[in-house]
Amino acid sequence: MSQIAVGERHTMTYRVPENRCVPDVFPESPEFQTVPRVFATAYMVGAMEWACMEALRPHLEPGQGSVGVHVDISHTAATLPGMEVRYECTVTEVDGRTVWWEVKAFDDLGPIGEGRHARAVLDQARFEAGVNRRAEQAEVPGLAG
Ligand SMILES: CC(C)(COP(=O)(O)OP(=O)(O)OC[C@H]1O[C@@H](n2cnc3c(N)ncnc32)[C@H](O)[C@@H]1OP(=O)(O)O)[C@@H](O)C(=O)NCCC(=O)NCCS
């Protein structure tokens, strides 16, 4: 990973589509089907990861990737499909291979969530080998490859 500095900031915008609402997260869950069709917490957090992944992209070496290792996020206002969400992430700490961000999200009407997120920068092939060892242990199919 090339140098990523504390204070480095990245912004991403994403318009919420119809299919990123709470019932879409687990269509097989009757509980999720009882919640109104507003932007799901899971997708809001996922988009925060997406913004941090974009921020990391120019710093990765060939063969490197990143995985999410920590989320601590509030969700404080409901967003409807069709509204645009802006994500702002700022690097707060670089601890070896782990990069920490402060993340904030705003829709057309104001703040909707904020918190902390960390990603580990990893060698992709080694990570996948480890995942495949876990698959063997758990007796489930490994990564296709
Ligand atoms: C990030 C993570 C690998 C770090 O774990 P860790 O306990 O510090 O890692 P360890 O040093 O004990 O290594 C365990 C295995 O992790 C993987 N790993 C560790 N360091 C790695 C690196 N620098 N590059 C690639 N894989 C690595 C390897 O599979 C390693 O096994 P190995 O040493 O036999 O190759 C672990 O926290 C993790 O897998 N978290 C889940 C992340 C995830 O799946 N997020 C969702 C997808 S975004």
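Position numbers for residues start from 1 in each chain and track the written sequence from start to end. Whole-chain, interface and lining totals are the exception, using all residues; otherwise, since this is a predicted model, local features are given only for residues with pLDDT of at least 70 and side-chain atom pairs are given and counted only at 80 or more. Only hydrogens and water are removed before side-chain values are computed, so all heavy atoms of the structure are retained for them.

Colleague: Which residues make up the environment of A42, and what values do they have?
Modeller: With respect to the helices and strands, the residue A42 is situated in helix α3 (residues 41-56). Along the primary structure A42 and C21 are separated by 21 residues, whereas in three dimensions their C-alpha atoms are 9.1 Å apart. Here a strand is any run of E in DSSP of at least two residues, a helix any run of H or I of at least four, and the numbering for each starts at the N terminus.

Colleague: Tell me about the site of the ligand, residues and numbers included.
Modeller: One heavy atom within 4 Å of a molecule or strand makes the whole residue count as near it. Around the ligand, the neighbouring residues are V67, G68, V69, R97, R119, L122, D123, R126, F127, G130 and R133. Contact between the ligand and F127: a nitrogen atom at 3.3 Å from a main-chain N or O atom of the residue. In the environment of the ligand, an oxygen atom lies 2.7 Å from a nitrogen or oxygen atom belonging to the side chain of R133. When contributions to the shell around the ligand are tallied by element, the ones reaching two or more residues are β2 (64-75), β5 (110-123) and α4 (124-138). When residues in the shell around the ligand are grouped by element, the largest group, 4 residues, is from α4. Whenever a nitrogen or oxygen atom comes within 3.5 Å of another N or O atom, the pair is scored as a polar contact, on the condition that within protein one atom can donate a hydrogen and the other can accept it, and that pairs from neighbouring residues in sequence are kept only if both atoms are in side chains.

Colleague: I'd like to hear about the nonpolar core, residue by residue, with values.
Modeller: Among buried residues, those of type Ala, Val, Leu, Ile, Met, Phe, Trp, Tyr and Cys that are joined through side-chain atoms within 4.5 Å constitute a nonpolar core. For the exposure calls, accessible area comes from a 1.4 Å probe over protein chains only, and a residue counts as buried if that area is under 20% of its type's maximum, exposed if over 50%, partly exposed in between. Ranked by size, the top nonpolar core spans 23 residues in total, and within it F39, M44, V85, Y87, C89 and W101 carry the most contacts. Sorting the residues of this core by element identifies β1 (9-15), α3, β3 (84-95), β4 (98-107) and β5 as the ones contributing at least two each. Looking at this core, the element that brings in the most residues is α3, giving 8 residues.

Colleague: Got a sec to walk through the sheet that holds β1? Specific residues and values, please.
Modeller: By this definition, two strands are paired if DSSP reports at least two bridges between them. The sheet built from 5 strands is open, its strands ordered β1-β3-β4-β5-β2 with antiparallel pairing. Of all the strands in the sheet, just β1 and β2 have a single pairing partner and so form its edges. Put simply, the sheet's adjacent strands are angled 25 degrees from each other on average, direction ignored. For β2 and β5, the ladder comprises 11 bridges, and the chain directions are antiparallel. Looking at β5, one finds that H75 is bridged to G113. It only takes one pair of heavy atoms within 4.5 Å for two residues to be counted as in contact. Fitting a line to C-alpha atoms yields each axis, with helices limited to the stretch in contact; the angle taken between N-to-C directions then spans 0 to 180 degrees. Packing of α3 onto the sheet brings it into contact with β1, β2, β3, β4 and β5, and relative to β5 it is tilted by some 55 degrees.

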